[in-house]
Amino acid sequence: MAFPRPFPALMLLFVTVVGTLGVSVAQRPPNILFILADDLGWNDVGYHNPTMKTPNIDRLAEEGVKLNSYYMPSICTPSRSVFLTGRYEIRYGLQHGVLGHYQRRCLSLEEVTVAEKLRERGYATHLVGKWHLGFYKDGCLPRQRGFDSFFGFYLGAEDYFNHDSTMQGHHGYDFRRNEDDVSRQYLGQYSTNLFADEARNIIRNHNPAQPLFLTLSFQAVHMPLQVPKQYSDIYNGVFGKNEDWKIYAGMLTSMDEAVGNVTRALRESPMWDNSIIIFSTDNGADAKFIGSNWPLRGAKATLFEGGVRGVGFVNSPLLHPEVRGGMTNGLIHMSDWFPTFMHLAGGLPTLDKPLDGFNQWDTISRGMASPRHEILHTIDSQALRPVDRGREKWSTNPYFDVFTLAAIRVGDWKLLTGPAGNDSWIPSPESGYEVINLKKLYGKVVRLYNIPNDPYEHDDRADEYPEVVEALLKRLGEFSQQTVKPNYPGVIDVIYGNPDLHNGVWAPWG
Ligand SMILES: *[C@@H]1O[C@H](CO)[C@@H](O)[C@H](O)[C@H]1NC(C)=O
Ligand SMILES: *[C@@H]1O[C@H](CO)[C@@H](O)[C@H](O)[C@H]1NC(C)=O
């Protein structure tokens, strides 16, 4: 599939960038393959946990640069919006919850996406896989948000083979090429294979004269637990009779095979010498389900490291040889890809709204210090508030309402406020460890950790360092001034959003 579009004259001029030794090198905008895994936990890749068979991911990571302090929102919708906008989710109301089937909301149409900006620079832009940024009206759909083509599904989760889901008693299909071609011919085929084949075809058919931006957003390894049996069978000897874990691990291995297929197509193409592969999860593994963030604390939908510190790496011939095979500990956040990609595409354009991201190309490709010293993990004023509020001594501070769910990292320190969610350490079964549930400290909602010294968040230092707590509460207070109200309609459109009105398909109705 080629999507010809006018090639801006500017693109024909080679952009000059300053190379490693201060030497000018002519550099065309690189091809970017961004691979996003869904709910993949810290402990779910072979290079963190040898039980998991992910040889392709491991090899790409070992030959590239691992992002060891890589952060993102703790759930799907905000993680994807932060990736596309380079801006924190609090700025456009996506900080609360994930997008539901009947909700009249989507990524604010006032936000600019990195796909739009790369397209302006002459890139072909494709999205393969999960969207989850809204579909209630046409303007919300991927091709209205900067992508030339879309092949995948709009919702957050569905059946991997039948590509359907049921909500409030209504059942609908959700799988298509672009908007109108609801591709029923894929019924029965596993989504990981379909997305890999599509991405591979895009790469093989691409005109190398035009730069490529391909986002491959897997359904795997989000619930439900489904995989062709050949993959779960690989784990028969490992997880014994634990069928759920066998399936989960099989989903991982099948996604790894897909990553191998797609990256091999890129590496074998004439584009490879000017290409960048980024592999990223969207948030931590889900504790209610399966998957492991061990030894990190917490899980998806919590602001502990298990929810917000994710697996990621970059592999590219454009990395300086000395950084290959290593890792960076520099703070990197999901919002950093926007300015990083724009830098690679010839420079950051003038934008109406400020970005929260930083250009991390020198951090990743040359081992320089990260320009980032702070991460707002989130502020969600609509999250449930702790029940017992009696004994929190910070409750009267003038800066920030500590019963609100929030977390911020400044330098080495991380402050969490509000409800903890699942704050356990949750191992995978083969490790032989038990889930570690802490006795609840009722009334305690402010927690402070020194992350480089205590990456697993064992030692709350809030009582020892009140001046740090105060400084971080002040900073949260400043961010809460910049926060817009969560766009999370309580009333849902079960009537008009009902797939029965749209030929049995989840489709725009607004
Ligand atoms: C990878 O490619 C091989 C060969 O084309 C194919 O048999 C296999 O199903 C592909 N795997 C996935 C997960 O797409
Ligand atoms: C967290 O999730 C794990 C796994 O589902 C469970 O065993 C544990 O009891 C949960 N802990 C809390 C505090 O909710």
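Predicted model, so just to flag it, every value in this text is computed and none were measured.

Chemist: I keep staring at the sheet that holds strand β3 (residues 31-37) and nothing clicks. Help me out?
Modeler: Hydrogen bonds between backbone groups are what pair the strands of a sheet, and the pairing can be parallel or antiparallel. In spatial order, the strands read β11-β10-β7-β6-β12-β3-β13-β14-β4-β15; together these 10 strands make up an open sheet with mixed pairing. Sheet topology places β11 (181-182) and β15 (326-328) at the edges, where each strand pairs with a single neighbour. Relative to strand β10 (residues 176-177), strand β7 (residues 149-153) runs antiparallel, the two being bridged by two bridges. Across the sheet, the residue bridging to Phe151 is Arg177, located in β10. Of the strands in this sheet, β6 (124-130), β7, β10 and β12 (212-217) are in contact with helix α5 (residues 191-205), which crosses β12 at around 175 degrees.

Chemist: Help me understand empty space enclosed by the protein, please; the structure alone is not making it clear to me.
Modeler: To find leftover empty space, one rolls a probe the size of a water molecule over the atoms. Applying the stated rule across the entire model yields two cavities of 30 Å³ or more. Computed from the structure, the largest cavity encloses a volume of approximately 80 Å³. Around the largest cavity, the lining residues are Leu36, Arg80, Phe83, Leu84, Leu127, Lys130, Trp131, Leu133, Phe147, Thr215 and Ser217. For the lining of the largest cavity, the element with the most residues is helix α3 (residues 76-85), which contributes three residues. Of the residues contributing to the lining of the largest cavity, the split by class is seven nonpolar, two polar and two charged. Considered as a void within the structure, the second largest cavity measures approximately 40 Å³ in volume. As for the second largest cavity, its lining consists of Thr302, Leu303, Phe304, Leu405, Ala406, Leu416, Thr417, Pro419, Ala420 and Arg447. Counting contributing residues per domain, the lining of the second largest cavity is built from domain 1 (28-372) and domain 2 (375-480), each supplying no fewer than three.

Chemist: Just to check I follow, could you spell out unusual backbone geometry for this structure?
Modeler: The phi torsion of most residues other than glycine is negative, and most of the peptide bonds are trans. In this chain, Ala220 is followed by Val221 through a cis amide linkage whose omega measures 5 degrees. Examined against the element boundaries, Val221 turns out to sit in the loop between β12 and α6 (229-232). Of the consecutive residues Met223 and Pro224, the connecting peptide bond is found in the cis state with omega at 0 degrees. For Pro224, the location among the structural elements is in the loop between β12 and α6.

Chemist: Would you take a moment to explain the domain arrangement of the chain for this structure?
Modeler: Reports of interface size often rely on the accessible area that becomes lost once the parts have come together. Partitioning the chain into domains gives domain 1 (28-372) and domain 2 (375-480). Relative to domain 2, the C-alpha centre of domain 1 lies at a distance of 27 Å. Together, the buried faces of domain 1 and domain 2 total about 2,900 Å²; carbon and sulfur atoms form 63% of this surface. Here domain 1 and domain 2 share two salt bridges between them. Its salt-bridge partner being Asp423, residue Arg297 comes within 3.6 Å of it at the nearest N-O pair. Taken together, the links from domain 1 to domain 2 amount to 14 residue pairs in polar contact (both at pLDDT 80 or more). Only α9 (305-308) and β16 (332-333) provide two or more residues apiece to the side of domain 1 that touches domain 2. Here the side of domain 1 that touches domain 2 is composed, by residue class, of 15 nonpolar, 11 polar and six charged.

Chemist: In this structure, what is going on with the site of ligand 1? I would like to understand it.
Modeler: In the vicinity of ligand 1, the residues found are Asn193, Ala196, Arg200, Ser254, Glu257, Ala258 and Asn261. Measuring from a nitrogen atom of ligand 1, one finds a side-chain N or O atom of Glu257 at 2.6 Å. Protein chains shield 61% of the accessible area of ligand 1, which is 360 Å² for the free molecule. Among the elements of the structure, α5 and α8 (243-267) are those that each provide at least two residues to the shell around ligand 1. Top contributing element to the shell around ligand 1 by residue count: α8, with four residues. Of the residues in the shell around ligand 1, the class split is two nonpolar, three polar and two charged.

Chemist: How do you make sense of the pattern of salt bridges when you look at a structure like this?
Modeler: Two side chains with opposite charge may pair up if their charged atoms get near one another. Tallied over the entire structure, the rule returns 29 salt bridges. As a salt-bridge pair, Arg176 and Asp174 come within 3.3 Å of each other at their nearest N and O atoms. With relative accessibility at 2%, the residue Arg176 sits in the buried group. Here Arg385 makes a salt bridge to Asp401, at a shortest N to O gap of 2.9 Å. Linking Arg385 in the loop between β17 (374-380) and β18 (405-410) with Asp401 in the loop between β17 and β18, this pair joins segments that are 16 residues apart in sequence. Judged by relative accessible area, Arg385 falls into the partly exposed class, the value being 32%. Of the residues examined, Asp401 reaches a relative accessible area of 34% and is grouped as partly exposed. Residues joined by salt bridges that share partners form a network here, namely Asp38, Arg80, Lys130 and Asp282.

Chemist: Explanation requested: the site of ligand 2 in the structure shown.
Modeler: As a matter of local geometry, ligand 2 sits amid Ala287, Asn422, Ser424, Ile426, Val435 and Asn437. Between ligand 2 and Asn422 there is a distance of 2.3 Å, counted from an oxygen atom to a side-chain nitrogen or oxygen.

Chemist: What's the story with the side chain of His101 in this structure? I'm lost.
Modeler: Position of His101 among the secondary structure elements: in the loop between α3 and α4 (114-120). A distance of 3.0 Å separates a polar atom in the side chain of His101 from a polar atom in the side chain of Ser165. With residues near it in sequence (within four places) discarded, His101 still touches Phe135, Leu155, Ser165, Met167, Trp506 and Trp509.

Scoring rules and cut-offs
- Residues numbered from 1 in each chain as written.
- Chains lettered and ligands numbered in written order.
- Predicted model: local features only at pLDDT ≥ 70, side-chain atom pairs only at ≥ 80, totals over all residues.
- Heavy atoms only, no water.
- Pairing = 2+ DSSP bridges.
- Helix = DSSP H or I, 4+ residues; strand = E, 2+ residues; numbered from the N terminus.
- Contact = heavy atoms within 4.5 Å.
- Axes fitted to C-alpha atoms, helices over the stretch in contact; angles between N-to-C directions.
- 1 Å grid on protein atoms, 1.4 Å probe; cavity = no way out; pocket = protein on both sides within 12 Å on 5 of 7 lines; lining within 4 Å.
- Points joined across faces, edges and corners; volume = space filled by probe spheres on them.
- Nonpolar A, V, L, I, M, F, W, Y, C, P; charged D, E, K, R; others polar.
- Domains from an automatic or database assignment.
- Buried area = accessible area lost by both parts, 1.4 Å probe.
- Salt bridge = Lys/Arg side-chain N within 4 Å of Asp/Glu carboxyl O.
- Polar contact = N/O pair within 3.5 Å; in protein donor to acceptor, adjacent residues only side chain to side chain.
- Near = heavy atom within 4 Å.
- Areas by Shrake-Rupley, 256 points an atom, 1.4 Å probe, with all protein chains shown as cover.
- Buried < 20%, exposed > 50% of the residue type's maximum accessible area, 1.4 Å probe, protein only.

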